[in-house]
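Residue strings, one per chain:
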Amino acid sequence: MENVLVVGATGTTGKKIVQLLKASQYFEPVAMVRNNQQQTEFEAHQVKTVMGDLEQDVSHTAKDMDKVIFAAGSGGNNVKAVDQDGAIKMIDAASKWNINKFVMLSSMGADQPEKSDKLQDYLKAKHNADEYLKSSPLNYAIVRPGSLTNSVGDGKIKLSKSLNEQGEISRDNVAQTLVRTLHDDAPNKETFEIISGDTLIGKALEKF
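Conventions and cut-offs
Residues numbered from 1 in each chain as written. Predicted model: local features only at pLDDT ≥ 70, side-chain atom pairs only at ≥ 80, totals over all residues. Heavy atoms only, no water. Helix = DSSP H or I, 4+ residues; strand = E, 2+ residues; numbered from the N terminus. Buried < 20%, exposed > 50% of the residue type's maximum accessible area, 1.4 Å probe, protein only. Polar contact = N/O pair within 3.5 Å; in protein donor to acceptor, adjacent residues only side chain to side chain. Pairing = 2+ DSSP bridges. Right-handed = clockwise from strand over helix to strand, strands pointing away. Core = buried A, V, L, I, M, F, W, Y, C linked by side-chain atoms within 4.5 Å. Contact = heavy atoms within 4.5 Å. Salt bridge = Lys/Arg side-chain N within 4 Å of Asp/Glu carboxyl O.

Q: Can you tell me about the side chain of D130, naming the residues and giving the values?
A: With respect to the secondary-structure elements, D130 resides in helix α4 (residues 120–135). Assessed through its relative accessible area of 0%, D130 is described here as buried. In terms of polar contacts, D130 uses its side chain to reach the side chain of R144, at 2.9 Å.

Structure, rendered in C-alpha cells:
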C-alpha cells in the first residue's frame, strides 16, 4: 500500500478522493487537516491525518508519503496564498521527501489565464503553480477539468492534451480520474484536460 497525502481533503472533491483511496487496494489516504475537529472527523472513519496549513510551513507534511494529490482550493477568497503559493510550498515539500508522483488538480484555462474575464486571478495562480511543478524534479500529472458539477459520476470522460472546447464534469469523475492517475502506468510528466464524455476513465488514460 502506498501512502497518499490528500491536500484539500476537507473540500468537496477532496472528501471523494479520500473515500476512493480508502476503498482502494493500492493506496492508503492521509488527509491533510488544519485543526483538531477535522482530524477527529477523519480519524472517526479510520483515515490517517497530518496537520498542515497551506498558509504556514508545510515542509513536514510529505514525510513518509509515497504520492501526493493536490486538490486544495481557496474558493476564490485567497487565490495567491492557497492556489499558487500553497501549491508551490507543497511541491517543495514533496521534492524534499522524494515522493514518487504529484497529481495536481488544476483547471481548464490555466494554460492561457489572460483569455479569461472573471477568473483571471485564479487561473493565473493555477498556471504559476502548474509551471512550478513542471520545472520541479518531481514526477507529476496535471489534470485540468472543465466546470465542476455535483451530479453523480458515471466513470466516463473525454480527455485530451487540449480539448479546444468548454464543458462540465462531475466532481465524482474528477476524483476518480485523479486517483486513477496516481498509478505508475498512468500518464507521467503530462498535462491533460477532461470533461464529461463517453470513454471509461481507465480507457481514456490508457489511450492518452
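On we go.
Q: Would you mind going over the pairing of strand β3 (residues 48–51) in detail, with residue names and values included?
A: With 4 bridges joining them, strand β2 (residues 27–33) and β3 adopt parallel strand pairing. What sits directly across from V33, in β3, is M51. A crossover links β2 with its parallel partner β3, the connecting element being helix α2 (residues 36–44), and its sense is right-handed.

Q: Go over the pairing of strand β1 (residues 2–7) with me, naming the residues and quoting the values.
A: Of all 6 residues in β1, 5 are buried; the element is thus mostly enclosed. Pairing of β1 with strand β4 (residues 67–70) involves 4 bridges; the strand directions are parallel. For L5, the partnering residue across the bridge sits in β4 and is V68.

Q: Tell me about the nonpolar core, and name the residues and values.
A: If you look at the biggest cluster of nonpolar residues, it comprises 29 residues, and the most contacted ones within it are I17, L21, I69, L178 and I194. Secondary-structure elements contributing two or more residues to this core are β1, α1 (12–23), β2, β5 (101–105), β8 (156–160), α5 (171–181), β10 (190–196) and α6 (201–207). The greatest single-element share of this core, amounting to 4 residues, is contributed by α5. Beyond its immediate chain neighbours, meaning those up to four positions away, L21 contacts V4, V6, F27, P29, V179 and L182.

Q: Can you break down the pattern of salt bridges residue by residue, with the values?
A: Applying the stated rule across the entire model yields 9 salt bridges. One salt bridge in this structure joins D184 and K67, with 2.8 Å as the shortest N-O distance. Here K67 lies in strand β4 and D184 lies in the loop between α5 and β10, a separation of 117 residues in the sequence. A salt bridge links D185 to R180; the nearest nitrogen and oxygen atoms lie 3.7 Å apart. Judged by relative accessible area, which is 63%, D185 ranks as exposed. Given the relative accessible area of 23%, R180 is considered partly exposed. Here the salt bridges do not stand alone but share partners, grouping E2, K67 and D184 into one network.

Function-wise, these values are silent; they only describe arrangement.
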